[in-house]
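What follows is the residue order along each chain.
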Amino acid sequence: MTAIDKAALHGSAAFDVERVRRDFPILDLEVNGKPLVFLDNAASSQMPRAVIDRIVQYQTREHANIHRAVHYLSEKATAEYEAARRKAQAFLNAREEREIIFTSGTTDGINLVAHGFGRKFIGEGDEIILTTLEHHSNIVPWQMLAEEKGAKLRVAPIDDRGELLLDDYRKLFNRRTKLVAMTHVSNALGTINPAKDMIATAHAHGVPVLVDGAQAAPHMAVNVQDLDADFYAFSGHKVCGPTGIGILYGKAALLEKMQPFKGGGDMILSVTFEKTTYNTIPHKFEAGTPPIMGAIALGAALDYVSALGLDAISAHETDLLAHATELVNATPGVRIIGNAERKAAVLSFAVDGVHPHDVGTLLNEEGVAIRTGHHCAQPVMQRFKIPATCRASFAFYNRHDEVDALIAAIRKVQKVFG
Ligand SMILES: Cc1ncc(COP(=O)(O)O)c(C=O)c1O
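Residues numbered from 1 in each chain as written. Predicted model: local features only at pLDDT ≥ 70, side-chain atom pairs only at ≥ 80, totals over all residues. Heavy atoms only, no water.

(A) Structural detail: empty space enclosed by the protein. On inspection of all chains with the given rule, the structure shows 1 cavity of 30 Å³ or more. Of the volumes computed, that of the largest cavity is approximately 70 Å³. Contributing to the lining of the largest cavity are Asn41, Ser45, Pro218, His219, Lys238, Val239, Cys240, Val305, Glu317, Ala395 and Phe396. For the lining of the largest cavity, the per-class residue count stands at 6 nonpolar, 3 polar and 2 charged. (1 Å grid on protein atoms, 1.4 Å probe; cavity = no way out; pocket = protein on both sides within 12 Å on 5 of 7 lines; lining within 4 Å. Points joined across faces, edges and corners; volume = space filled by probe spheres on them. Nonpolar A, V, L, I, M, F, W, Y, C, P; charged D, E, K, R; others polar.)

Now the structure itself:
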């Protein structure tokens, strides 16, 4: 049986992975004389031809600065930029397009909330609830704020499977709690948090919630109204878009109360040396020339993944993860870190007696790209008392035979070190 036959056998009837792969030119690469097996999608995903073409079209036919001129190209670029905002609105099912802010990525979105909301509404003795599962991008901005304001971070713990201890989370709330900042999906372990329940708990205490959606948006349908999230941040480059662009969703009522994060062009209505009047949302938060090309390309990426269907993507990736989990569990000397009941397409593992960096280096020789290290989630590593893991992370364009190639490469590593 060829690899393609095998993939077709395993793939769901609705999801034609071979057709999808043809959309991604980079997947044809060979690395070290072997076909590239790209399993580092949690760090950054690859870009389909439709998005690459959209970038070329923009740069060759549509580019000018936006919002500030009446000439053809400026109006065209402005219309496409604002159309991309509506695509992001639809992608997240936000109520209003003014609730969508273009940022440079998840980190930027979280920092915007830390400055715009945190510096205004969080003071001395107040508390911010985080979880052990957070990426550094959803820890450090709050730590900086807490240091500046004399506020305190409270951290909801996880169990040995990498699942949040919800009773402990509920016990963290008190009248000083001002915000919850939580990840939807853990980048280090793949755990999917019960975001809707956690948000409901916070709201029962009158506390708003920021959700770090960097690892959720690429893998599952996100509905911010259903979640009732107050803020939701994600990055373009993990959803088949370019780097340097991201989305922050915020409820209009909250965004309106917040102070701007950055000052400069486009976020003002009028300026004198005495006083500046700020623009309406979302422009109040988009100072300076924004990443226009990035926003438009992200719009094309959201169109692309939406056309495939987030439910179909999720089903295919769940299937890949189940296959990988089964094979790893059948491989003596390899241990999965993070065995939550609900996981997205992330497989963190350790190979007995081999440092993760050596595993990563030897896998690269086989053309298999994984990530090794602490994955910018050092508190997760501390929880499991390990310095690092090997992490294979899947995208919808990965195939079953690529999982097989990963396992074969791991077995080769074991032989080398055996
Ligand atoms: C859960 C999570 N949050 C935040 C980030 C930061 O994203 P960015 O570097 O695109 O700002 C990442 C990136 O890996 C992530 O996985």
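(B) Structural detail: the site of the ligand. All residues adjacent to the ligand are Thr106, Thr107, His135, Ser137, Thr183, Asn187, Asp212, Ala214, Gln215, Ser235, His237 and Lys238. In this structure, an oxygen atom belonging to the ligand sits 2.6 Å away from a side-chain N or O atom of Thr107. At 2.5 Å, a side-chain N or O of Asp212 approaches a nitrogen atom of the ligand. Out of a free accessible area of 400 Å², the ligand has 85% covered by protein chains. (Near = heavy atom within 4 Å. Polar contact = N/O pair within 3.5 Å; in protein donor to acceptor, adjacent residues only side chain to side chain. Areas by Shrake-Rupley, 256 points an atom, 1.4 Å probe, with all protein chains shown as cover.)

(C) Region of interest: the pairing of strand β14 (residues 346-351). Within β14, 6 of the 6 residues are buried, leaving the element largely enclosed by the surrounding structure. What you see with β14 is no split at all: Val346, Ser348 and Ala350 on one side and Leu347, Phe349 and Val351 on the other are buried throughout. In terms of strand pairing, strand β13 (residues 334-337) meets β14 through 4 bridges, oriented antiparallel. Pairing of Ile337 across the sheet is with Ser348, part of β14. Bridge count between β14 and strand β17 (residues 389-393): 4 bridges; the pairing is antiparallel. Looking across to β17, one finds that Val346 is bridged to Ser393. (Buried < 20%, exposed > 50% of the residue type's maximum accessible area, 1.4 Å probe, protein only. Helix = DSSP H or I, 4+ residues; strand = E, 2+ residues; numbered from the N terminus. Pairing = 2+ DSSP bridges.)

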